[in-house]
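Listed here are the chains, written in short residue letters.
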Amino acid sequence: MTTSTADDSVTAARICGDRPVVLRGAGREWPVYAALHEARLRELDDRPVTAEDSRRQAVTVRLREILDELRSGRPRGLYLRDQLVSEFEPGLWNLVPRDIRRLNWLLALPADVRPDWVWLMIGGAGTSSPLHVDTMASSAWNLLCSGRKEWSFHPPWRAEAWRLLPPGCAGAPGAADEEGVTLVQEPGDIVVTPSGWAHEVRNPTGTVSLTANFVNRSNLGFAKRYFEVLGDRENHELLTAVGATFDLLDDATGGHDGSRAR
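Residues numbered from 1 in each chain as written. Predicted model: local features only at pLDDT ≥ 70, side-chain atom pairs only at ≥ 80, totals over all residues. Heavy atoms only, no water.

Here's the deal with the pairing of strand β8 (residues 149-154)
Bridging between β8 and strand β9 (residues 181-185) involves five bridges; their strand directions are antiparallel. Directly across from lysine 149, in β9, lies its bridge partner glutamine 185. As judged from the five bridges shared by β8 and strand β11 (residues 198-202), these two strands associate in the antiparallel manner. By the bridge assignment, tryptophan 151 is partnered in β11 with valine 201. (Pairing = 2+ DSSP bridges. Helix = DSSP H or I, 4+ residues; strand = E, 2+ residues; numbered from the N terminus.)

Have a look at this one:
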């Protein structure tokens, strides 16, 4: 199981920010970065996977067909976008530094209620993810292992205006939230998506990436407000209990890692 370095602790803290950002080269030394090299993925290329086609319809293909899209001059538009790592190759998660894995407090929940929030994404040039807000008002990080991604972000108040968030969830826009954010991601870079930020992603080249969502101290208040506005008492109480547990842990240990920065 992969441990962490001082640099990983700094990266963990930066991942918990409240603005979209690209962390240049921050994931290049992570073992999972090397593990997701195309040549290594080719060792698994006979397995069936469920991908999207150019119409965003689900299709079952072999992994090799997805990997062939990475270098094709005329890609078919296949995109492996919702592939859970737990179902594809569970050991990949252990190749992510410990400080990064620990960002998601919800991993402490029992297995029957624990969200499965780690995905592998592989697609050819021209594939994309449509405008959306991440699940359960969580934040996310994305490590690009090959290719280039172009990101467009829009602040929570605008996501609310577009009905991607429930009314009353985002709060009033601040001066820093008036404009959107555009980012270009290169191999080894990590892009951070804070809670409530609407975003769309385009792949101008073939890409391989790993992404994970999380809820912790940095976005717990936003996530609780989201469920309160929705009237989802069960999830609101669940997050309240998780927060209280980590408060007790902080009191007992006096420790603060990147996931408790705010």
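Topic: the nonpolar core
One finds Ile15, Leu36, Ile66, Ile122 and Trp141 to be the most contacted residues of the largest nonpolar core, which totals 38 residues. Examining the composition of this core, we find that four residues originate from one element, strand β12 (residues 207-214), more than from any other. Not counting residues up to four positions away in its chain, the partners in contact with leucine 36 are Leu41, Leu92, Leu120, Cys145, Val208 and Leu210. (Core = buried A, V, L, I, M, F, W, Y, C linked by side-chain atoms within 4.5 Å. Buried < 20%, exposed > 50% of the residue type's maximum accessible area, 1.4 Å probe, protein only. Contact = heavy atoms within 4.5 Å.)

Quick look at unusual backbone geometry
Positive phi outside glycine occurs at alanine 137, with the angle close to 60°. Its place among the elements puts alanine 137 in the loop between β6 (128-132) and β7 (139-146). The class of alanine 137 is buried, set by a relative accessible area of 1%. Of note in this structure, arginine 163 is not a glycine but carries a positive phi near 65°.

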